Amino acid sequence: MTQLANSYGTCNMGSESSTCAYAVGLANQTVYGKNVFFIMPDLMRCKVLCVWGVNSLYSNSVTAGGGFINAVKRGVKLIVVDPRCTPTTEHAHIHLRPFPGTDGALALGMARVIITENLQNQEYIEKYTIGFEKYKDYVMEFTPEKVEEITGVPKEDMIAAARLMASEAPCPIQMSASPVVHNINGVQNVRAIAMLMALTGSYGVP
């Protein structure tokens, strides 16, 4: 397909990967740079883990599931974002159940909580990021009440998850190649989620 597009002189093409792994990779690259495709969580050392849109115990269970179980056994605090109840969500300290496709709004709402409560890692932000002030202005639109209306997630649960993610950072986020991007706003969903790791100083940190 790439060769066919090239023969027409266009870079615009779509395939199943437009709502799958390449969409996740594109989102991560827009946030963290061209050499970043998937961001692997440090399951061996984190104190809190966010599992977003993946049932780790059934999906890629040999690697992701094994690391997940080891993290649970050593007492990691677990945030799971999944509309469904699964074997993975049974271990969650906080289970957020957004309507499918509203993950971006949930992530932006969590970012607003972190910023308004001054829980962000400001030193990390100033050292490694650009555009924070514009990002800060944008997320202010996503009040807890608005996010609850969009996502169906009770605002108290969203706020608790945001506080836990920031206060126990670094907090890695474990994602899948597919579910969050199986929507027309999929790339933007993943961008919003990925930026939570920068906000809390969790990207590239053991």
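The structure contained in this document is the topic of the report that follows. Since this is a predicted model, take the numbers as computed values, not measurements. (Residues numbered from 1 in each chain as written. Predicted model: local features only at pLDDT ≥ 70, side-chain atom pairs only at ≥ 80, totals over all residues. Heavy atoms only, no water.)

1. Brief notes about the environment of Lys155
Take Lys155: it is sitting in helix 8 (residues 155-167). Among the residues examined, Lys155 registers a relative accessible area of 26% and is labelled partly exposed. For the pair formed by Lys155 and Ser167, sequence separation is twelve residues and the distance between their alpha carbons is 18 Å. Leaving out residues up to four positions away in the same chain, Lys155 has contacts with Pro144, Glu145 and Glu148. (Helix = DSSP H or I, 4+ residues; strand = E, 2+ residues; numbered from the N terminus. Buried < 20%, exposed > 50% of the residue type's maximum accessible area, 1.4 Å probe, protein only. Contact = heavy atoms within 4.5 Å.)

2. Section: the pattern of salt bridges
The final tally for this structure, using the stated rule, is six salt bridges. Here Asp82 and Arg84 are joined by a salt bridge, their closest N and O atoms 3.1 Å apart. The buried category is assigned to Asp82, whose relative accessible area is 3%. For Arg84, a relative accessible area of 46% gives the class partly exposed. Between Glu117 and Arg163 there is a salt bridge, and its shortest N-O distance comes to 2.8 Å. With a gap of 46 residues between them, Glu117 in the loop between helix 4 (103-116) and helix 5 (122-128) and Arg163 in helix 8 connect regions that are remote in the sequence. Salt bridges sharing common partners tie together Lys47, Lys77 and Glu168. (Salt bridge = Lys/Arg side-chain N within 4 Å of Asp/Glu carboxyl O.)

3. Here we look at the packing of helix 4 against helix 9 (residues 186-199)
For the pair helix 4 and helix 9, the least separation of the axes is 7 Å and the interaxial angle reads 25°. Between helix 4 and helix 9, the angle falls in the class roughly parallel. Helix 9 is crossed by helix 4, and the crossing has left-handed handedness. Across the interface between the two elements, Asp103, Gly104, Ala107, Leu108, Met110, Ala111, Ile114 and Ile115 from helix 4 touch Asn189, Ala192, Ile193, Leu196 and Leu199 from helix 9. (Axes fitted to C-alpha atoms, helices over the stretch in contact; angles between N-to-C directions. Parallel < 35°, antiparallel > 145°, perpendicular 65-115°, else oblique. Left-handed = near helix turned anticlockwise from the far one by under 90°.)

4. Section: a negative patch on the surface
A surface patch of negative charge is lined by Glu148, Glu149, Glu156 and Asp157. Those elements that provide at least two residues to the negative patch are helix 7 (144-151) and helix 8. Tracing the backbone through its elements, the reader meets Glu156 in helix 8. (Patch = residues over 30% accessible without salt bridge, like charges linked within 9 Å, V, L, I, M, F, W, Y side chains within 5 Å. Areas by Shrake-Rupley, 256 points an atom, 1.4 Å probe, with all protein chains shown as cover. Lys, Arg positive; Asp, Glu negative; His and termini not counted. Charge placed at Lys NZ, Arg CZ, Asp CG, Glu CD.)

5. A short note on the packing of aromatic side chains
The way to describe two aromatic rings as a pair is by their centre distance and the angle between their planes. All chains considered together, the criterion is met by five aromatic pairs. Between Tyr22 and Phe37 the ring centres are 5.6 Å apart and the planes differ by 80°, which places this aromatic pair in the edge-to-face class. With Tyr22 in helix 2 (residues 21-32) and Phe37 in the loop between helix 2 and strand 1 (48-52), this residue pair connects regions lying 15 residues apart in the sequence. Residue class for Tyr22 comes out exposed when judged on its relative accessible area of 56%. Here the aromatic cluster, defined as three or more aromatic residues joined through ring pairs, consists of Tyr22, Phe37 and Phe38. Above the ring of Phe142, the side-chain terminus of Lys146 is found at 5.0 Å from the ring centroid. (Phe/Tyr/Trp six-rings, centres within 6.5 Å; stacked < 30°, edge-to-face > 60°. Lys NZ or Arg CZ within 6 Å of the ring centre and 35° of its normal.)

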